[in-house]
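Reading the structure
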Amino acid sequence: MKKFVCTILFACCGWLATQAQTPGSDVPDLLRLQALTDSCDVNSRAPYAPLIGVSASLSDGASRVSGDYIQAIVKAGGSPVIVPAVTDGEVLRSVVSHLDGLVLVGGADVNPLWYGEEPRQELGEVDPTRDLYELKLIKLATDQNVPILGICRGLQLLNVAFGGSLYQDIPSQRAGNYIKHNQELPKGYGSHRTVIRKGSCLARILGKDTVAVNSYHHQAIKRLAPAFKAVAYAPDSIIEAIEGYPDHPIMGVQWHPEGLIAGGDTVMLRLFRHLVGKADTFHMAKEMHERMLSIDTHTDTPFWFRRAGFDIADRERNRVNIPKMREGRLDGVFLAAFIGQKERDEVSSQEAVRKVTGLIEGIHAQAERNRDICGIAVTRQDLVRLKQEGKKAFFIGIENGYGIGKDLSNIARFKRMGVNYITLCHSYDNDICDSSTHTKREWHGLSPFGKKVVREMNRQGIMIDLSHASEETFWDVIEQTKTPVICSHSSAKALCGSDRNLTDEQLRALAKNGGVAQVCLLDRYINRDYKKASLTDAIEHIDHMVRVAGVEHVGIGSDFDGGGGLIGCEADNDFIQITVKLIERGYSETDIAKIWGGNLLRVMDEVQAAATVKSL
């Protein structure tokens, strides 16, 4: 409702200003003003205008923004709102959580101490409060994946925020090898040419590879931050535009497009329209997450519990925690009690059971410590209830069936502790089956004990997870199981030939079984050149698996805190970007909801309904 009100207010404000009181001697009419305000509801079916925050400068304690920025956003179809220049992190976090996009505006020089340099004599005016305010704003906006456009100082501050540096003063630091970057012409006129890199996002937006730009700066990027690529240059090689590389919805330009737009330029308006378009998609993604149930089916976060003072309610260094879940709009996560493969004698097996038990108890302890914001989920109904209460859901899995030891009764015991799936093996063969990785093909699939494990898991209503299992194990389980199975973190072998990934034949068999394969966000399973593995690559895996198995049989299992993490999707807070990318590729909300949790919940419902042992 709040967003709806904001949209209507911004849409109506200009019209009301011209209608409530006409120029001349007419007396202002309050009743007419109120009636005109009410009549705005006639346009209540108009498309949502994304809420675009604008950073402010400080002047005599006031937060100020040039009207050119505001008008450019309005012309582009957005609803502008000034972000107050305060340094209170909680206030800024609250404001940013409501934004669909952000514009960082021009202004004073950036304090060089932020990038490890002492100030030069030629440094201009610095506003330390504004630096602090905008650097916090950038951190909070990028944590939440809000699309950003940085303008002039905004570009420079983005570069500093991500680890780059600046020329404090171009004339004194470039030894005469520079053009005039501080024009005397009005802002509506371009004063020098800028060459745009072909194939860049900026080139696609503007439809040109050379543009005339205005120029009002004496600082510029010196060392480009690793997160960006330079996509435009002035004739003297000064960087004039940057883009997030890749999959980061961030762009910066050194010139002032809002000034050119105010002078009548229509090409530069495309920059703001691009931002508003990105913001609109981002808003759609956030709205979808409000309506659907989203689950990450595999993480190794309990591994972090042994670190002194770790609390999953804090925004820790690890990839999975409640603040990051909130930022990424994730409802639930499977926390895996992982145990590596060790010796298989009786004593070692009992120790494995003890360790897994301790890990599961640790999950319960974290949930109990933070019961006001999270809870343990065993069923779909638990997830729905926790979401309605504004809490995050922790499901429990066991990674490596080695952890059940040699006693089938441990399966029932772990079920009573809330375990929902067991990954039959890890990277080495165990007493249950052969692994896909360091296998000696000891059993050529399932062992005799493994077949009993499959039957007992069916009986207890625990999902069978075939990630890490060999192909022979996969086919044995498909033949043996009475219920659908999952591959909680496995990608497509057709796109990346890791032994951990699934062939197209396996994907089709999994679909016939009614199961689900969850794309794994671990670089070596996503791109043959793993150092370049990105979110875009992961989306390609989703696309391929949907084409082969059908959209009803694909999900997402990050493997975060166990090796998972890609360029563009490094932690829970980045999950909203998966939804954005799926929207951009034309997936419907219904299909996105299936991928994000609907498919897994369907399998979990079927497995639990088929259990012959009903007590938990």
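As shown above, the structure is provided for reference.
The following paragraphs examine the structure supplied in this document.

**Things to note about the pairing of strand β8 (residues 192-196)**
- Only one face of β8 is covered, namely the one carrying His192, Thr194 and Ile196; the face carrying Arg193 and Val195 has none of its residues buried.
- Sheet topology places β8 next to strand β9 (residues 210-213); four bridges connect them, and they run antiparallel. Note on β9: the bridge partner recorded for Thr194 is Val211.
- Of the strand pairs in this sheet, β8 and strand β11 (residues 228-233) are connected by two bridges, and their pairing is antiparallel. Residue pairing across strands places Ile196 opposite Ala232, the latter belonging to β11.

**Here's the deal with unusual backbone geometry**
- Of note, Asp60 is a non-glycine position whose phi angle comes to about 55°, a positive value.
- Relative to the assigned elements, Asp60 resides in the loop between β2 (57-59) and β3 (62-64).
- Since its relative accessible area comes to 80%, Asp60 is described here as exposed.
- At Asp559, a residue that is not glycine, the phi angle is positive and equals roughly 65°.
- Among the structural elements, Asp559 can be located in the loop between β22 (554-557) and α19 (575-584).

**Structural notes on a negative patch on the surface**
- On the surface, Glu343, Asp345, Glu346 and Asp407 cluster together into a negatively charged patch.
- Tracing the sequence through the fold places Glu343 in the loop between β15 (332-338) and α12 (346-369).

**Regarding the packing of aromatic side chains**
- Taken as a whole, this structure holds eight aromatic pairs when the rule is applied.
- In this structure an aromatic cluster arises from ring pairing among Trp304, Phe305 and Phe310.
- For the cation-ring pair, Lys187 lies above Tyr216, with the distance from its terminal atom to the ring centre recorded as 5.7 Å.
- Note that Arg524 overlies the ring of Tyr530, its terminal NZ or CZ placed 3.7 Å from the centroid.

**Considerations on the pattern of salt bridges**
- Applying the stated criterion to the full structure yields 34 salt bridges.
- The salt bridge partner of Glu327 is Arg93, with a shortest N-O separation of 3.2 Å. Here Glu327, found in helix α11 (residues 322-328), pairs with Arg93, found in helix α4 (residues 89-97); they are 234 residues apart in sequence, far enough to count as distant.
- Across the salt bridge formed by Glu368 and Arg371, the nearest N and O atoms sit 2.8 Å from each other.
- Where salt bridges share partners, they join Arg93, Lys139, Asp143, Arg315 and Glu327 into one cluster.

**With respect to the nonpolar core**
- One finds Leu202, Phe394, Leu424, Ile542 and Ile578 to be the most contacted residues of the largest nonpolar core, which totals 155 residues.
- Broken down by element, this core gets its largest block of residues, nine residues, from helix α10 (residues 269-291).
- Leave out the neighbours within four places in its chain, and Leu202 touches Ile196, Val231, Ala232, Ala241, Glu243, Met251, Trp255 and Leu271.
- Counting 17 residues, the second largest nonpolar core, distinct from the first, contains Leu386, Ala393, Met463 and Val607.

**So, the state of the cysteines**
- For the structure shown, the criterion picks out zero disulfides.
- Left without a disulfide partner, Cys201 is nearest to the cysteine sulfur of Cys569, which lies 20 Å away.
- Cysteine Cys487 remains unbridged, with the sulfur of Cys425 as its closest cysteine sulfur at 11 Å.

**A look at the packing of helix α14 (residues 409-416) against helix α15 (residues 448-460)**
- At a closest axis distance of 10 Å, the pairing of α14 and α15 adopts a crossing angle of 30°. The two elements α14 and α15 meet at a crossing, and its hand is right-handed. From α14, Ile411, Ala412 and Lys415 reach across to α15, where they touch Val453, Glu456, Met457 and Gln460.
- Class assignment of the residues belonging to the contact of α14 with α15 gives a composition of four nonpolar, one polar and two charged.

**Observations regarding the sheet that holds strand β4 (residues 79-82)**
- The sheet built from nine strands is open, its strands ordered β4-β1-β5-β6-β13-β12-β11-β8-β9 with mixed pairing. Pairing within the sheet leaves two strands with one partner each, and these edge strands are β4 and β9. Sheet twist, expressed as the mean angle between neighbouring strand axes with direction ignored, is 25°.
- Strand direction decides the pairing type here: strand β12 (residues 239-244) and strand β13 (residues 250-253), joined by three bridges, are antiparallel. From the neighbouring strand, Glu243 faces β13, where its bridge partner is Met251.

**Quick look at the pairing of strand β18 (residues 419-423)**
- Burial analysis of β18 places five of its five residues in the buried class, the great majority of the element.
- Sheet analysis places strand β17 (residues 392-399) next to β18, joined by four bridges and oriented parallel. Following the sheet pairing, Ile396 is matched in β18 by Val419.
- Of the pairings in the sheet, the one linking β18 to strand β19 (residues 463-465) comprises three bridges and is parallel in character. In the strand pairing of β19, Tyr421 is matched with Met463.
- Crossover β18 to β19 through α15 is right-handed.

Analysis parameters
- Residues numbered from 1 in each chain as written.
- Predicted model: local features only at pLDDT ≥ 70, side-chain atom pairs only at ≥ 80, totals over all residues.
- Heavy atoms only, no water.
- Buried < 20%, exposed > 50% of the residue type's maximum accessible area, 1.4 Å probe, protein only.
- Helix = DSSP H or I, 4+ residues; strand = E, 2+ residues; numbered from the N terminus.
- Pairing = 2+ DSSP bridges.
- Patch = residues over 30% accessible without salt bridge, like charges linked within 9 Å, V, L, I, M, F, W, Y side chains within 5 Å.
- Areas by Shrake-Rupley, 256 points an atom, 1.4 Å probe, with all protein chains shown as cover.
- Salt bridge = Lys/Arg side-chain N within 4 Å of Asp/Glu carboxyl O.
- Lys, Arg positive; Asp, Glu negative; His and termini not counted.
- Charge placed at Lys NZ, Arg CZ, Asp CG, Glu CD.
- Phe/Tyr/Trp six-rings, centres within 6.5 Å; stacked < 30°, edge-to-face > 60°.
- Lys NZ or Arg CZ within 6 Å of the ring centre and 35° of its normal.
- Core = buried A, V, L, I, M, F, W, Y, C linked by side-chain atoms within 4.5 Å.
- Contact = heavy atoms within 4.5 Å.
- Disulfide = S-S within 2.5 Å.
- Axes fitted to C-alpha atoms, helices over the stretch in contact; angles between N-to-C directions.
- Left-handed = near helix turned anticlockwise from the far one by under 90°.
- Nonpolar A, V, L, I, M, F, W, Y, C, P; charged D, E, K, R; others polar.
- Right-handed = clockwise from strand over helix to strand, strands pointing away.

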